[in-house]
Amino acid sequence: MWYNNILETIGNTPLVKLNKVTSDVKATVLAKIETRNPGNSIKDRMALKMIEDAEESGFLKPGGTIIEGTSGNTGMGLAMAAIIKGYKCIFTTTDKQSKEKVDALRAFGAEVIVCPTNVEPEDPRSYYSVSSRLQKEVPNSWKANQYDNLSNSKANYEQTGPEIWEQTEGKITHLVVGVGTGGTISGAGRYLKERNPDIKIWGIDTYGSVFKKYKETGEFDKDEIYPYITEGIGEDFLPENVDFSVIDHFEKVTDKDAALMTREITRKEGIFAGNSTGAAIAGLLQMKDHLKAGDLVVVIVHDHGTRYLGKMFNDDWLKERGFMKDEKLTAGSILDS
Ligand code: PMP
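Each chain carries its own residue numbering, running from 1 in the direction its sequence is written. With pLDDT at 70 or above as the cut-off, local features in this predicted model cover only qualifying residues; side-chain atom pairs require 80 or more to be listed or tallied, and sums for whole chains, interfaces and linings still use all residues.

1. Some remarks on the overall build of the chain
Then, in step 1: What counts as a helix is a DSSP run of H or I of at least four residues, what counts as a strand is a run of E of at least two, and both are numbered from the N terminus. For the chain, the count of helices and strands is eleven helices and ten strands.
Then, in step 2: When the backbone C-alpha atoms are referred to their principal axes, the chain occupies close to 55 × 50 × 50 Å.
Then, in step 3: Across the 337 residues that make up the chain, the buried fraction comes to 50%.
Then, in step 4: Considering only contacts in the chain between residues 6 or more positions apart, those separated by 24 or more positions represent 71%. Working definition of burial: number of other C-beta atoms within 10 Å of the residue's own, with buried at 20 or more, exposed at 12 or fewer, and partly exposed in between, all C-beta atoms being placed from the backbone. Remark: residues whose backbone-derived C-beta atoms lie within 7 Å of one another are considered to be in contact.

2. Let's talk about the nonpolar core
Then, in step 1: By definition, a nonpolar core groups buried Ala, Val, Leu, Ile, Met, Phe, Trp, Tyr and Cys residues that connect through C-beta atoms lying within 7 Å of each other. Judged by nonpolar contacts, the single largest core of 51 residues is most densely connected at Leu175, Val176, Ala280 and Val299.
Then, in step 2: With residues up to four places along the chain from it excluded, the contact list for Leu175 reads Ala188, Gly189, Leu192, Ile199, Ile201 and Val298.
Then, in step 3: Ranked by size, the runner-up nonpolar core spans 33 residues in total, among them Ile51, Ala110, Val112 and Trp142.

3. Thoughts on helix α6 (residues 183-195)
Then, in step 1: If you check α6, its first and last C-alpha atoms are 18 Å apart, about what 13 residues at 1.5 Å a residue would give, namely 18 Å.
Then, in step 2: Buried within α6 we find Gly183, Thr184, Ile185, Ser186, Gly187, Ala188, Gly189, Tyr191 and Leu192.
Then, in step 3: In the core, the buried residues of α6 are packed alongside α1 (43-57), α5 (151-167), β7 (174-178), β8 (200-206) and β10 (296-301). Given the number of residues in a helix, its expected span is that number minus one, multiplied by 1.5 Å.

4. A short note on the sheet that holds β10
Then, in step 1: Overall, mixed pairing links the six strands, which are arranged β1-β2-β10-β7-β8-β9 in an open sheet. Where the open sheet ends on each side, the last strands, each with one partner, are β1 (15-17) and β9 (249-253). Averaged over all pairs of adjacent strands, the angle between strand axes in this sheet comes to 25 degrees, irrespective of strand direction.
Then, in step 2: As defined by bridge partners, β7 adjoins β8 across five bridges and the pair is classed as parallel. By the bridge assignment for β8, Leu175 is matched with Ile201. Any two strands between which DSSP finds at least two bridges are classified as paired. The axes are straight lines fitted to the C-alpha atoms, using for helices just the contacting stretch, and the angles between their N-to-C directions are given from 0 to 180°.

5. Overview of the packing of helix α8 (residues 255-269) against helix α9 (residues 275-286)
Then, in step 1: Orientation of α8 relative to α9, taken along the N-to-C sense of each, is 100 degrees, at an axis distance of 7 Å. Of the possible angle classes, the one that applies to α8 and α9 is roughly perpendicular. Two secondary-structure elements touch here, α8 through Asp257, Ala258, Ala259, Met261, Thr262 and Ile265 and α9 through Asn275, Thr277, Gly278, Ala279, Ile281 and Ala282.
Then, in step 2: Residues are grouped as follows: nonpolar covers Ala, Val, Leu, Ile, Met, Phe, Trp, Tyr, Cys and Pro; charged covers Asp, Glu, Lys and Arg; every other residue, Gly included, is treated as polar. Of the residues belonging to the contact of α8 with α9, the class tally is seven nonpolar, four polar and one charged. Each angle gets one of four labels, with under 35 degrees taken as roughly parallel, over 145 as roughly antiparallel, 65 to 115 as roughly perpendicular, and the rest as oblique.

6. Some points on the pairing of strand β5 (residues 111-115)
Every other side chain in a regular strand lies on the same face of the sheet, so the side chains alternate between the two faces.
Then, in step 1: Here strand β4 (residues 88-94) pairs with β5 via five bridges, running parallel. Opposite Phe91, over in β5, you have Val112 as the bridge partner.
Then, in step 2: Handedness of the crossover is the feature at issue here: the chain leaves β4, passes through helix α3 (residues 99-107), returns alongside β5, and the resulting connection is right-handed. Every crossover in which the path from the first strand over the helix to the second runs clockwise, viewed with the strands pointing away from the viewer, is termed right-handed.

7. Comments concerning the sheet that holds β5
Then, in step 1: One open sheet holds the four strands; their spatial order is β5-β4-β3-β6, and the pairing between them is parallel. Every interior strand has two partners, whereas the edge strands, β5 and β6 (141-143), have only one. Pairs of neighbouring strands in the sheet enclose a mean axial angle of 20 degrees, with direction left out of account.
Then, in step 2: Two strands pair when backbone bridges link them, and strand β3 (residues 65-69) and β4 are joined in this way by five bridges, in the parallel orientation. Counterpart to Thr65 in the pairing with β4 is Lys88.
Then, in step 3: Along the sheet, helix α4 (residues 127-137) makes contact with β3, β4, β5 and β6, crossing β3 at roughly 160 degrees.

Printed below as a string of structure tokens:
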């Protein structure tokens, strides 16, 4: 038995029980290991879906160029699909993203333009603006627009949600998801709520992002916006893909807690996960008093730890930010002391 190309291996990722990092939690916690997708992240699902839908609606034509503002994972999914389907890719990203992510996109033959992080989305230098300008200038191009393109949440409605429902035999009680474009939580969450409206959908947000305040007050508060370190989650605007009606609660996690938990998942569970997974599990632990024995929680492992080797997995990076815990974290730091 074989697959006809790498894209056919997207999806059907395993659920794995967490045993140590959640030992204080009364519920059973299962991690959905989206790193098992061929591009090592959940974004493979929506990237392929956005391309297929754009082909069907005629926005993306043979030999065309795919343009996107992407922090890496969506770009990886788009670049992989572009190779199989014969498109070119130009991505804009920010100088905050891991070098590993940018290098990986370039490895897949994509052109990557790195833009400054700390400018308004409307600023002509922002990665949103640059990708919009390129779309106008590059002939036969299509901007995927993962924030407002609803094929994103649709992919998770059609795939991630049903997989979780079937794998838990309908017993899931809580879904915990880091929220960026909102595609994962809105799509998977909507499917699960349709099957059982009692399932609680918890979004993980970061300090410096607008989601939590907007959900709780309906107010878009610019004071909530400031630079943060956590990658992949939080926004300074409201993407179309965030369906606030399916999200019951947003929990904010600090950069430090997200970074330290990212390391712990790897060291205690052997699951090599990225920064937003650390945030999601740290957020879940903050909410542990709302969980009881018999609850079945699914947390999404969005992407792979390799993309953060130069960041939270690096002791010097942690020390520079004052994130290092008192205890010795590696053999290296024991030798240093
Ligand atoms: N984690 C990581 C590492 C991501 O790249 C993203 C996408 N920005 C998310 C979480 C959030 O997923 P979504 O965009 O579906 O809300």
